[in-house]
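# Structural characterization, general
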Amino acid sequence: MTGAQPLLLLVILLGPAIGSFLAVLVDRLPRGEDTVLRASGCRSCGAALKAWQMVPILSFLIQRGRCKNCGAAIPSWLLYLELICLGFGILAVLRGGGATEVVLSAAFLWLLAVLATADLMWFRLFDPLTAALALVAFAMALAPQGVGLEQAALGAALGAGSFAALRWGYWLVRRREGLGLGDVKLMVGLGAFSGPYDLPLLVLLAAVTALVVALGQRLVNRQSLAADRPLPFGAALCAAAAMLWLTGPQLAPMAW
């Protein structure tokens, strides 16, 4: 056993716990509730959760997705986010690299997951999360396999700047918001991750992803593409960033 093994196992085991905490953020941030000190409880009956009811993944399965106190359904997206974060932790470890690179990769993917979830649920990208993504992306740029600080800064400027210009231009033409300010802030981190050269590919992937999903929804519901219907493009951007990360170069694995 090397010193790397406990860290790699910790990243994997922390995935569901991180997902559980991120789910708390998604649930409470739009309501202006405390995300740290407030005890966890059922949204339906207000009953405080016991320790065994807060074990990621297992507690949902043991309770069969329902509150033990009132029988109300526990939102399934809570379980999905925990599972996704577990999977992302495993992918970060399998991707390889040094200890710092593994941790940063996992953190980057976890933040993409929570930002996409927030956008899908609330059509909002919360400032603490986009700021955290930017910090992680710049830290990744400084890693041995990163794009470098200069390229990261240029990518962040081009990403956020181009989206700000689109937002402003749409307002001038239509006199209504066509692109949320959260998307502009999101592009700081995504631009720093991709750098200027992969930035067009990231936006193209996001546009294609959003188009495919929208057309699929159109087949189910003809009203889904109404002109005034908001679209969670931030979620598509996060998905595109995850795809770029997945298709990146394989790093040398840590010694086990």
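Residues numbered from 1 in each chain as written. Predicted model: local features only at pLDDT ≥ 70, side-chain atom pairs only at ≥ 80, totals over all residues. Heavy atoms only, no water.

## Focus: a nonpolar patch on the surface
Taken together, the side chains of Trp-52, Val-55, Leu-58, Leu-61 and Ile-62 define a hydrophobic patch exposed on the protein surface, amounting to about 480 Å² of accessible area. Along the chain, the position of Leu-61 falls in helix H2 (residues 58–62). (Patch = residues over 30% accessible without salt bridge, like charges linked within 9 Å, V, L, I, M, F, W, Y side chains within 5 Å. Areas by Shrake-Rupley, 256 points an atom, 1.4 Å probe, with all protein chains shown as cover. Salt bridge = Lys/Arg side-chain N within 4 Å of Asp/Glu carboxyl O. Helix = DSSP H or I, 4+ residues; strand = E, 2+ residues; numbered from the N terminus.)

## Some points on helix H6 (residues 149–174)
Look at H6: 37 Å from first C-alpha to last across 26 residues, which is about the 38 Å you get at 1.5 Å a residue. Within H6, the full set of buried residues consists of Ala-152, Gly-155, Ala-156, Gly-159, Ala-160 and Phe-163. Against the buried residues of H6 lie helix H5 (127–142), helix H7 (181–220) and helix H8 (233–246). Phi turns positive one or two residues past the end of H6, at Arg-175, with a value near 60°. (Expected span 1.5 Å × (residues − 1). Buried < 20%, exposed > 50% of the residue type's maximum accessible area, 1.4 Å probe, protein only. Contact = heavy atoms within 4.5 Å.)

## Points about the packing of aromatic side chains
In this structure the tally under the stated criterion is two aromatic pairs. Summarising the aromatic geometry, the rings of Phe-163 and Phe-233 are spaced 6.4 Å apart at their centres and angled 15° between planes, so their arrangement reads as stacked. You can see Phe-163 sitting in helix H6 and its partner Phe-233 sitting in helix H8, a full 70 residues away along the chain. Of the residues examined, Phe-163 reaches a relative accessible area of 4% and is grouped as buried. (Phe/Tyr/Trp six-rings, centres within 6.5 Å; stacked < 30°, edge-to-face > 60°.)

## Topic: the pattern of salt bridges
For the structure shown, the criterion picks out five salt bridges. Between Arg-43 and Asp-27 there is a salt bridge; the shortest N-O distance is 2.8 Å. Here the residue Arg-43 occupies a position in the loop between helix H1 (4–28) and H2, and Asp-27 occupies one in helix H1, the gap between them amounting to 16 residues. Classification of Arg-43 by relative accessible area gives partly exposed; the value is 43%. Note that Arg-38 is salt-bridged to Glu-33, the shortest N-O span being 2.5 Å. Connected through shared salt-bridge partners, Asp-27, Arg-31, Glu-33, Arg-38 and Arg-43 make up one network.

## Looking at the nonpolar core
Ranked by size, the top nonpolar core spans 57 residues in total, and within it Phe-108, Leu-112, Leu-190 and Phe-193 carry the most contacts. Elements represented by at least two residues in this core include exactly H1, helix H3 (76–95), helix H4 (99–122), H5, H6, H7 and H8. When residues no more than four places from it in sequence are discounted, the contact partners of Phe-108 are Leu-133, Val-136, Met-140, Leu-190, Phe-193 and Ala-241. (Core = buried A, V, L, I, M, F, W, Y, C linked by side-chain atoms within 4.5 Å.)

## Considering unusual backbone geometry
Phi at Ile-57 is positive, roughly 65°, even though this residue is not glycine. Position of Ile-57 relative to the elements: it lies in the loop between H1 and H2. Accessibility expressed as a relative area gives 14% for Ile-57, which makes it buried.

## With respect to the confidence of the model for the chain
Within the chain, residue pLDDT values average 90, and 93% of them lie at 70 or more. Of all the helices and strands in the chain, H1 carries the lowest mean pLDDT, 91, while H5 carries the highest, 97. (pLDDT = per-residue confidence, 0-100.)

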